Amino acid sequence: MSLIRAFIPALRTEQWEWLTWILLAIQAIVLVIAIVYLVRFVLKQRDDYWRERGKDPKRPEM
């Protein structure tokens, strides 16, 4: 999204400064959402791994 502003010189003026902050906020929100989904995916994979072995995913040592 920041590339949009970088390649259009008219958007780099002071009157478009608010656009920079909006794009930065959107990027931050998307990053947080992506990290949350990545963590959920990895934890699901881990639980499936232990379930295939017939063990409790929360306490695999038992």
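Look above for the structure.
Bear in mind the structure is a predicted one, so any value in this text is a computation, not a measurement. (Residues numbered from 1 in each chain as written. Predicted model: local features only at pLDDT ≥ 70, side-chain atom pairs only at ≥ 80, totals over all residues. Heavy atoms only, no water.)

S.K.: What's the story with the pattern of salt bridges in this structure? I'm lost.
M.R.: Side chains carrying opposite charge are able to pair once their charged atoms draw close together. Under the defined criterion, the tally for this structure stands at four salt bridges. Ionic pairing is found between Asp47 and Arg46, a salt bridge with its closest N-O pair at 3.3 Å. Between Arg53 and Glu52 there is a salt bridge whose closest N-O contact spans 3.6 Å. A network of salt bridges, in which partner residues are shared, links Lys44, Asp48 and Arg51. (Salt bridge = Lys/Arg side-chain N within 4 Å of Asp/Glu carboxyl O.)

S.K.: Please explain the packing of aromatic side chains as it appears in this structure.
M.R.: Each aromatic ring pair is described using two quantities: the centre-to-centre distance and the angle formed by the ring planes. All chains considered together, the criterion is met by one aromatic pair. Here Tyr49 and Trp50 contribute two aromatic rings whose centre-to-centre distance is 5.1 Å and whose plane-to-plane angle is 80 degrees, an arrangement assigned as edge-to-face. The exposure class assigned to Tyr49 is partly exposed, which follows from its relative accessible area of 40%. Lying across the ring of Tyr49, Arg53 places its NZ or CZ 3.7 Å from the centre. (Phe/Tyr/Trp six-rings, centres within 6.5 Å; stacked < 30°, edge-to-face > 60°. Buried < 20%, exposed > 50% of the residue type's maximum accessible area, 1.4 Å probe, protein only. Lys NZ or Arg CZ within 6 Å of the ring centre and 35° of its normal.)

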